[in-house]
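Close look at the chain arrangement
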Amino acid sequence: MLSYDELTSPERALWDAFPEGRCVDLCTGVPEEDRVADGGQWGPERTVRAAVIVALLQGANTAQPGAVACLRLAGARISGHVNLAGAQISHALWLEDCWFEEGVDLSGASTQSIAIVGSRVPGVEAGLIRIEGRIDLRRSRLESGSASPFHRRVTALSLINAHVSGAVNLNGAEITAPEEWAVSAGGLVAEGGVYCQDGFVAHGEVRLMGAQLPGGLHMRGARLVGPGQRGVAIALDNAVASTLNFSGGFIANGTIRLRGARISDNLTFEGAVLNGPPGGHGPSLVALLMQAVDFDFTLARPPSGAVDLRGAQVSYLHDNGHSWPDVVELDGFVYGSIKVGEAGERREAVGRQDSVAHRVAWIRRSPGYSPQPYEQLASWYRKAGHDDDARRVLLAKQRHRRQTLSPTARVWGHLLDATVGYGYRPWLAGVWLLALTLLGTLSFGTHSPHPVQRGQGSPFQPLVYTLDLLIPIGGLGQRTAWYWSNGGLQWLAYLLIAFGWVLTTAVIAGVTRTLQKN
């Protein structure tokens, strides 16, 4: 137990100020002397032992009547390990512009609001902490310390399974754990949200898997400079949040993982840069089974790695010319509408001159063939009242599928495509019928056939004779009444009969396919 006589001058000042909640400021007022980065050179006149801080927060000096005790300290060099693991702390803690010799351990503690602002700390361990208030680490520089006891990995800031009734404020902070875990906050519950804005920088992976963030995650303008060992910049697998904001110049040099994340409102990457892992070895975004209401993917430039949206569901999708890389996984991706961002405006993507070609090219960025992306796109066009565009998409689907078939099936597919457009262009059958009818009428009209039985049958009519050849069902009495001595015209007649059967079969197959699918 510390005695008052053992305390140094700055420690006595803090001891006396604590019961009344007064701030002890040890700064000199000279900017060159008050730089926190040089705090290791501060002398005894600015040094406070960690044991004094721990003793005060544990009730070593009781509050004065009519005052609220609070530990407020600025400009101090804190020597030793601040060990408050498992402590029950009933007083608020405010440390500003301090230089910590060792890390801070708050694991399993229960406490009021904590603020370590503008300070340099070699690691904060706060797994399982319960905070009735907020945790404020604005402008602080957190460096990787020892391995966390919760996962045996080097971490600069650990908030595993922590519960914060207010916000987690990391605005302007720089958290450094190269190729390790800069922030480890799996299972975090932050009712007031997590704020990583105003120049926030992370060197290492930011892990928020399974986090519950009713107040959202706000990373506008943040920079995730270096990923962890797996190439991941931030992991939000199975997280639940009201909003995820990665906009306003947000930069990620690593994979963004949103697998199974559920966002009740807005997920935005407006103006973001997704560089993916260094060297291009890995995707820029993995959002399998992700759910969001509004998904804004209007990036500042195309991602360097693949984007995986398999099984994701969004109500509104916003994209622009920079949204999509060369590889986009879209199988199972469901959306309600698409809007395109151009010149600062958002417009419906339907009705544009190149809309179908642009969207089909988007789908073709997916490796291999899958029917669902085409059917989803066609459904969107149909709901928007653009049935012709929907048929064009489904025709593109059949042409893509044809590439996966055997040579014989591909030949039949080409035939269906040329004759009736797989049933989505039935008017092509009329074009073929008109062209073949014209060919036969002109060819047969320049010559005279021989009757099968003289004096019987109707007079020869080239037009009716040609139609009789092309229509395989029924008869008009011309095909069986006349024959040709000219070998070329006889072969033309045979060909027209064959074309008639092929055309009829293609029409039936195409229309049947269309009725079955739609």
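Residues numbered from 1 in each chain as written. Predicted model: local features only at pLDDT ≥ 70, side-chain atom pairs only at ≥ 80, totals over all residues. Heavy atoms only, no water.

Scanning the protein chain from N- to C-terminus turns up nine helices and 40 strands. Whereas a compact globule of 518 residues would reach a radius of gyration of roughly 24 Å, the protein chain reaches 37 Å, over 25% beyond that. On the protein chain, roughly 22900 Å² of surface is accessible, and the fraction owed to carbon and sulfur atoms is 53%. Looking at charge distribution, the protein chain has the averaged site of its 45 positive side-chain charges lying 14 Å from that of its 46 negative ones. (Helix = DSSP H or I, 4+ residues; strand = E, 2+ residues; numbered from the N terminus. Rg over C-alpha atoms; globule rule 2.2 N^0.38 Å. Areas by Shrake-Rupley, 256 points an atom, 1.4 Å probe, with all protein chains shown as cover. Lys, Arg positive; Asp, Glu negative; His and termini not counted. Charge placed at Lys NZ, Arg CZ, Asp CG, Glu CD.)

Pairing of strand 22 (residues 201-207) with strand 26 (residues 232-235) involves two bridges; the strand directions are parallel. Among the inter-strand pairings, valine 206 is bridged to a residue of strand 26, identified as isoleucine 234. The pairing of strand 26 with strand 29 (residues 255-257) spans three bridges and is parallel. Note on strand 29: the bridge partner recorded for valine 232 is threonine 255. (Pairing = 2+ DSSP bridges.)

Take the pattern of salt bridges next. Throughout the structure, instances matching the rule amount to 20 salt bridges. The shortest N-O distance in the salt bridge between glutamate 11 and arginine 49 comes to 2.9 Å. Taken together, the positions of glutamate 11 in helix 1 (residues 9-17) and arginine 49 in strand 2 (residues 47-49) put the pair 38 residues apart, joining distant regions of the chain. One continuous salt-bridge network, built from bridges that share partners, spans Arg120, Arg141, Glu143 and Glu174. (Salt bridge = Lys/Arg side-chain N within 4 Å of Asp/Glu carboxyl O.)

One pass over the full model with this rule turns up 12 aromatic pairs. Considering the side-chain rings of phenylalanine 246 and phenylalanine 269, the 5.1 Å spacing of their centres and the 20° angle between planes classify their relative orientation as stacked. In this pair, phenylalanine 246 is assigned in the loop between strand 27 (240-245) and strand 28 (251-252) and phenylalanine 269 in the loop between strand 30 (262-268) and strand 31 (273-274), connecting sequence segments 23 residues apart. Residue phenylalanine 269 is classed as buried on the basis of its relative accessible area of 0%. Ring centres of phenylalanine 295 and phenylalanine 297 lie 5.3 Å apart, and the angle between their planes is 40°; on these two criteria the pair is classed as tilted. The class for phenylalanine 297 is buried, based on a relative accessible area of 0%. A connected cluster of aromatic rings, assembled from ring pairs, spans Phe246, Phe250, Phe269, Phe295, Phe297, Trp324, Phe333, Tyr335 and Trp362. The ring centre of tryptophan 42 lies 3.9 Å from the NZ or CZ of arginine 46, which sits over that ring. Over the ring of tryptophan 181 we find arginine 207, and its NZ or CZ is 4.0 Å from the ring centre. (Phe/Tyr/Trp six-rings, centres within 6.5 Å; stacked < 30°, edge-to-face > 60°. Buried < 20%, exposed > 50% of the residue type's maximum accessible area, 1.4 Å probe, protein only. Lys NZ or Arg CZ within 6 Å of the ring centre and 35° of its normal.)

Moving on, we get to the packing of helix 1 against helix 2 (residues 50-57). As a packed pair, helix 1 and helix 2 sit with axes 11 Å apart at the nearest point and diverge in direction by 10°. By the angle between their directions, the pair helix 1 and helix 2 is classed as roughly parallel. Like other packed secondary-structure pairs, helix 1 and helix 2 cross with a definite hand, here right-handed. Counting all contacts with helix 1, which are made through Glu11, Leu14 and Trp15, the residues of helix 2 involved are Val52, Ile53 and Leu56. (Axes fitted to C-alpha atoms, helices over the stretch in contact; angles between N-to-C directions. Parallel < 35°, antiparallel > 145°, perpendicular 65-115°, else oblique. Left-handed = near helix turned anticlockwise from the far one by under 90°. Contact = heavy atoms within 4.5 Å.)

Glancing now at helix 2. Counting buried positions over the eight residues of helix 2 gives seven, a clear majority of the element. Taken residue by residue, helix 2 has Ala50, Val52, Ile53, Val54, Ala55, Leu56 and Leu57 as its buried positions. Where helix 2 is buried, its residues contact helix 1, strand 2, strand 3 (70-74), strand 4 (77-79), strand 5 (82-83) and strand 6 (92-96). Where helix 2 ends, the next residue or the one after it, glycine 59, has phi of about 95°, a positive value.

Turning next to the nonpolar core. Soluble globular proteins: nonpolar side chains tend toward being buried together. In this structure, Leu73, Leu188, Leu258 and Phe269 are the most contacted members of the largest nonpolar core, which totals 120 residues. The dominant element in this core, judged by the number of residues it contributes, is helix 2, at six residues. Once residues within four sequence positions are removed from consideration, phenylalanine 269 is found in contact with Phe246, Ser247, Ile256, Leu258, Leu274, Leu285, Phe295, Asp296, Phe297, Thr298 and Leu299. Phe460, Tyr465, Leu469 and Trp484 belong to the second-largest nonpolar core, a separate cluster that totals 11 residues. (Core = buried A, V, L, I, M, F, W, Y, C linked by side-chain atoms within 4.5 Å.)

The alternating pattern of strand 10 (residues 114-117) places Ile114 and Ile116 on one face and Ala115 and Val117 on the opposite face, and all of these are buried. Where strand 6 and strand 10 come together, four bridges link them in parallel fashion. For tryptophan 94, the partnering residue across the bridge sits in strand 10 and is alanine 115. Two elements, strand 10 and strand 14 (residues 135-136), share two bridges in a ladder whose sense is parallel. Looking at the pairing, isoleucine 114 lines up with isoleucine 135 of strand 14.

Keep in mind these values describe shape, not function.
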